[in-house]
Amino acid sequence: MIHDFTYLKPGTVQEALAMLTDHVDDCKIICGGQSLLIVMRQGLIVVNYLIDIKGLKELDYIKYDDKEGLKIGATTTHRSIEFSKLLKEKYPILPKMEERLASTQTRNWGTIGGNLAHADAAGDPAPVLITLGAKVKVASKKGEKVYDLGEFYTDLFESAMEHDEMIVEIQVPPMAPKTGCAYKKFNLLQNDMGVVGVAAKVTVDASGTITDARIVLGNAGVTPIRATSAEKVLIGKKPDDAIFAAAGEAAGADADPVSDIHASDDFRRHLIKVLSKRMAKQAWEQAVK
Ligand SMILES: Cc1cc2nc3c(=O)[nH]c(=O)nc-3n(C[C@H](O)[C@H](O)[C@H](O)COP(=O)(O)OP(=O)(O)OC[C@H]3O[C@@H](n4cnc5c(N)ncnc54)[C@H](O)[C@@H]3O)c2cc1C
């Protein structure tokens, strides 16, 4: 049962930040409510004030320029990302990832800011955005801070954000030339959270040798995990199937999975090895095209 609360509807970001400060120990932001309402219904979160930022149009945007890269406002819905022509052209991995994130209804209402703030280790956007080198801008009444998304998560459902802060923007640097990106989750139900997910980004030189690689594992631990030993296996190589398999093995060792009702830790580690091998290869194939 959801406990009574006072509903606050700020008209601007500044107003939202003032409300956050005023009720810092006893409030929660709500945006699409797609995750928050579930935990409120379960009685896991009880607050006296809900600050609804869904209507903040000033945070609903997708912008790009060649110098600064991509900027996505926090209240941008998953559906807007999925259908963005700009993203299909510049960062096609993001709309593709969205296609299998939740149901159409959830994508219509849930937001990228809410997804990243919720800090579910099984969330799809974080591993993909971390491979892309994303940063997350948060704001409070005191000012703004920018976190590297790869360092934003501290534990299961926990981030480095302070209670008086909210996410306002996601920033992604421009893609280097000859770069490919791939993401896949393994799940039991289509369009639900992954048992595990793997994102890979690979950059090559003119000869097809890998000059940069990033592999990020989702739901392979309590936060997204950067598979740095797998990346080291790839960098400097003109890869073949044995190299991709070695990268997959290394990613399995980088993972720290737990057992739950969906899968054992062993099965998760096996999936991570297979998906890391495949995603690294797919990213490389795109990069050398
Ligand atoms: C049936 C179902 C299936 C799903 N499947 C997937 C899936 O396959 N993959 C996946 O990644 N996700 C999945 N989700 C989760 C969904 O993506 C998230 O619920 C949604 O993106 C959260 O956005 P929201 O705007 O609804 O956030 P809310 O539910 O409103 O908020 C979520 C949390 O973030 C906080 N918050 C919201 N916005 C901000 C902000 N700007 N700054 C700071 N804190 C903020 C809230 O206080 C709350 O703690 C699924 C959800 C459902 C209900």
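Please read these numbers as outputs of a predicted model, since none were measured by experiment. (Residues numbered from 1 in each chain as written. Predicted model: local features only at pLDDT ≥ 70, side-chain atom pairs only at ≥ 80, totals over all residues. Heavy atoms only, no water.)

Caption draft 1: Quick peek at the overall build of the chain. Looking only at helices and strands, the chain has 11 helices and 14 strands in total. A globule of 289 residues ought to have a C-alpha radius of gyration of about 19 Å, and the chain, at 19 Å, matches this closely. Dimensions of the chain, computed from C-alpha atoms along their principal axes, come out at roughly 60 × 45 × 30 Å. Sorting the 289 residues of the chain into buried and exposed places 51% on the buried side. Look at the contacts in the chain between residues 6 or more apart in sequence, and 60% of them connect residues 24 or more apart. Taken together, the 36 basic and 39 acidic charged side chains of the chain have centroids lying 7 Å from each other. (Helix = DSSP H or I, 4+ residues; strand = E, 2+ residues; numbered from the N terminus. Rg over C-alpha atoms; globule rule 2.2 N^0.38 Å. Buried < 20%, exposed > 50% of the residue type's maximum accessible area, 1.4 Å probe, protein only. Contact = heavy atoms within 4.5 Å. Lys, Arg positive; Asp, Glu negative; His and termini not counted. Charge placed at Lys NZ, Arg CZ, Asp CG, Glu CD.)

Caption draft 2: Inspection of the pattern of salt bridges at higher detail. Tallied over the full model, the rule gives 16 salt bridges. The closest approach of N and O atoms between Lys-9 and Asp-52, which form a salt bridge, is 3.5 Å. Of this pair, Lys-9 sits in the loop between strand 1 (6–8) and helix 1 (13–22) while Asp-52 sits in strand 3 (residues 49–52); the two residues are 43 residues apart in sequence, bridging distant segments of the chain. Of the charged contacts in the structure, one is a salt bridge between Arg-107 and Glu-82, with a shortest N-O distance of 2.8 Å. A residue pair is termed long-range when its members are at least 10 positions apart, and Arg-107 in helix 6 (residues 104–109) and Glu-82 in helix 3 (residues 78–83) qualify at 25 residues. (Salt bridge = Lys/Arg side-chain N within 4 Å of Asp/Glu carboxyl O.)

Caption draft 3: The arrangement of the site of the ligand in detail. Near the ligand you find 31 residues, and of these Ile-29, Ser-35, His-78, Thr-111 and Asp-124 are the closest. The contact in question runs from an oxygen atom of the ligand to an N or O atom on the side chain of Asn-115, over 3.0 Å. Within the complex, the protein chains bury 89% of what would otherwise be the 950 Å² of accessible surface of the ligand. Of all elements in the fold, only strand 2 (27–30), helix 2 (36–41), helix 7 (112–118) and strand 10 (166–172) reach the threshold of two or more residues within the shell around the ligand. With four residues, helix 7 is the largest single contributor of residues to the shell around the ligand. (Near = heavy atom within 4 Å. Polar contact = N/O pair within 3.5 Å; in protein donor to acceptor, adjacent residues only side chain to side chain. Areas by Shrake-Rupley, 256 points an atom, 1.4 Å probe, with all protein chains shown as cover.)

Caption draft 4: How the structure looks around the pairing of strand 7 (residues 143–148). Taken together, the six bridges between strand 6 (residues 135–140) and strand 7 define a ladder with antiparallel strand orientation. When the bridges of strand 7 are listed, Lys-135 appears paired with Asp-148. (Pairing = 2+ DSSP bridges.)

Caption draft 5: How the structure looks around the sheet that holds strand 2. In spatial order, the strands read 1-3-2; together these three strands make up an open sheet with parallel pairing. If you trace the sheet from one side to the other, it starts and ends with strand 1 and strand 2, each paired once. Strand-to-strand twist of the sheet, defined as the mean angle between neighbouring strand axes without regard to direction, takes the value 25°. By the bridge criterion, three bridges tie strand 1 to strand 3 in an arrangement that is parallel. Bridge pairing links Tyr-7 to Leu-50 in strand 3. (Axes fitted to C-alpha atoms, helices over the stretch in contact; angles between N-to-C directions.)

Caption draft 6: Focus on the sheet that holds strand 6. Spatial ordering of the open sheet is given by 4-5-10-6-7, a layout of five strands whose pairing is antiparallel. Edge positions in the sheet fall to strand 4 (62–65) and strand 7, since each of these pairs with one other strand and no more. Each adjacent strand pair in this sheet contributes to an overall mean axis angle of 20°, direction not counted. Summarising the sheet, strand 4 and strand 5 (residues 69–73) pair through four bridges and their orientation is antiparallel.

Caption draft 7: Region of the structure containing the state of the cysteines. Applying the stated criterion to the full structure yields zero disulfides. The structure places no disulfide on Cys-27, whose sulfur is separated from the nearest cysteine sulfur, that of Cys-31, by 14 Å. Take Cys-27: its relative accessible area is 10%, and that puts it in the buried class. Owing to a relative accessible area of 12%, Cys-31 belongs among the buried residues under this scheme. (Disulfide = S-S within 2.5 Å.)

Caption draft 8: Geometry of a positive patch on the surface. A surface patch of like charges, here positive, comprises Lys-96, Lys-184, Lys-277 and Arg-278. With relative accessibility at 35%, the residue Lys-277 sits in the partly exposed group. (Patch = residues over 30% accessible without salt bridge, like charges linked within 9 Å, V, L, I, M, F, W, Y side chains within 5 Å.)

Caption draft 9: Seen up close, the nonpolar core. Membership of the largest hydrophobic core comes to 48 residues, with the highest contact counts inside it found for Leu-94, Leu-116, Leu-129, Leu-149, Met-166 and Ile-170. One finds Val-204, Leu-217, Ala-247 and Ile-272 within the second-largest nonpolar core, a separate group that totals 32 residues. (Core = buried A, V, L, I, M, F, W, Y, C linked by side-chain atoms within 4.5 Å.)

Caption draft 10: How the structure looks around the packing of aromatic side chains. Per the counting criterion, the structure on display carries five aromatic pairs. Between Phe-152 and Tyr-153, the aromatic rings sit 5.2 Å apart at their centres with planes inclined by 75°, giving edge-to-face as the arrangement. The burial state of Phe-152 is the same as that of Tyr-153; both residues are buried. A network of ring pairs unites the aromatic residues Tyr-147, Phe-152 and Tyr-153 as a single cluster. Lying across the ring of Trp-109, Lys-54 places its NZ or CZ 4.1 Å from the centre. Stacked on the ring of Tyr-61, the Lys or Arg Lys-63 has its end atom at 4.3 Å from the ring centre. (Phe/Tyr/Trp six-rings, centres within 6.5 Å; stacked < 30°, edge-to-face > 60°. Lys NZ or Arg CZ within 6 Å of the ring centre and 35° of its normal.)

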